[in-house]
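Chain by chain, the residues:
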Amino acid sequence: MTTKGTRRHFKPEFKKDAVALVSEQGYSISKAAEVVGTTTNNLRRWIKELKQEESGVRLGADERTELGRLRREVKQLRMEKEILKKASAFFAKEMK
């Protein structure tokens, strides 16, 4: 029988610091993972993701947040535009 564990969530700053141990301090991936308390697979994935963010292939956390905000704003503006379009059509009909 297996028990279901809870997933740990790491903050972006923590991930960057863990990656810095490998890229800047010269730690091996396994040693750095041990020091920060995660698995080598997690650390490898963080290294890959950080490289993708730096090269522009992947959006950073702040960029994803901004993108979500902008999408909500565009949706709101489109709804307002439709309302104004219907209102102008209504009033144009009334003026005739």
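Everything discussed here concerns the structure shown above.
Residues numbered from 1 in each chain as written. Predicted model: local features only at pLDDT ≥ 70, side-chain atom pairs only at ≥ 80, totals over all residues. Heavy atoms only, no water.

Peer 1: How should I be thinking about the overall build of the chain in this particular structure?
Peer 2: A count of helical and extended segments in the chain gives four helices and zero strands. Secondary structure of the chain in N-to-C order comes out as α-α-α-α. For the chain, the spread of C-alpha atoms along the principal axes amounts to about 80 × 40 × 15 Å. Burial status across the chain gives 17% buried among its 96 residues. Here the analysis covers contacts within the chain between residues at least 6 apart in sequence; of these, 36% occur between residues at least 24 apart. Accessible area for the chain stands at about 8,500 Å²; split by element, carbon and sulfur atoms hold 54% of it. (Helix = DSSP H or I, 4+ residues; strand = E, 2+ residues; numbered from the N terminus. Buried < 20%, exposed > 50% of the residue type's maximum accessible area, 1.4 Å probe, protein only. Contact = heavy atoms within 4.5 Å. Areas by Shrake-Rupley, 256 points an atom, 1.4 Å probe, with all protein chains shown as cover.)

Peer 1: Hey, could you run me through the nonpolar core in this one?
Peer 2: Side chains of nonpolar character tend, in soluble globular proteins, to be buried together. The biggest cluster of nonpolar side chains holds eleven residues, and these are Phe10, Ala18, Val19, Leu21, Ala32, Ala33, Val36, Leu43, Trp46, Ile47 and Leu50. Breaking this core down by element, the ones donating at least two residues are helix H1 (12-23), helix H2 (29-36) and helix H3 (40-55). If you tally residues by element for this core, the top one is H3, at four residues. Those residues in contact with Ala32, other than ones at most four positions away along the chain, are Ala18, Leu21, Val22, Tyr27 and Leu43. (Core = buried A, V, L, I, M, F, W, Y, C linked by side-chain atoms within 4.5 Å.)

Peer 1: Explain the packing of aromatic side chains to me, please; I cannot follow it from the model alone.
Peer 2: A ring pair, where both rings are aromatic, is described by two values, the distance of the centres and the angle of the planes. Taken as a whole and assessed by the stated rule, the structure comprises four aromatic pairs. When the ring of Phe10 is compared with that of Phe14, the centres are 5.1 Å apart and the planes differ by 15°; the resulting orientation is stacked. Residue Phe10 is classed as buried on the basis of its relative accessible area of 19%. Judged by relative accessible area, Phe14 falls into the partly exposed class, the value being 30%. Here Phe14 and Trp46 contribute two aromatic rings whose centre-to-centre distance is 6.2 Å and whose plane-to-plane angle is 80°, an arrangement assigned as edge-to-face. (Phe/Tyr/Trp six-rings, centres within 6.5 Å; stacked < 30°, edge-to-face > 60°.)

Peer 1: So what exactly am I meant to see when it comes to the pattern of salt bridges here?
Peer 2: Close approach of charged atoms lets side chains of opposite charge pair. In this structure the tally under the stated criterion is five salt bridges. With a closest N to O distance of 4.0 Å, Arg58 and Glu49 form a salt bridge. Exposure remark for Arg58: the relative accessible area of 28% places this residue in the partly exposed category. Glu73 is the salt-bridge partner of Arg69, the closest N and O atoms lying 3.2 Å from each other. (Salt bridge = Lys/Arg side-chain N within 4 Å of Asp/Glu carboxyl O.)

Peer 1: It is not clear to me how H2 should be interpreted in this structure. Could you clarify?
Peer 2: An α-helical turn contains 3.6 residues, so any two residues separated by three or four positions project in the same direction. Burial in H2 covers these residues: Ala32, Ala33 and Val36. End-on, the buried residues of H2 take up no more than an arc of 100°, which puts them together on one face. Where H2 is buried, its residues contact H1 and H3. A positive phi of about 80° marks Gly37, the residue just after H2. (Arc of directions from axis to C-beta.)

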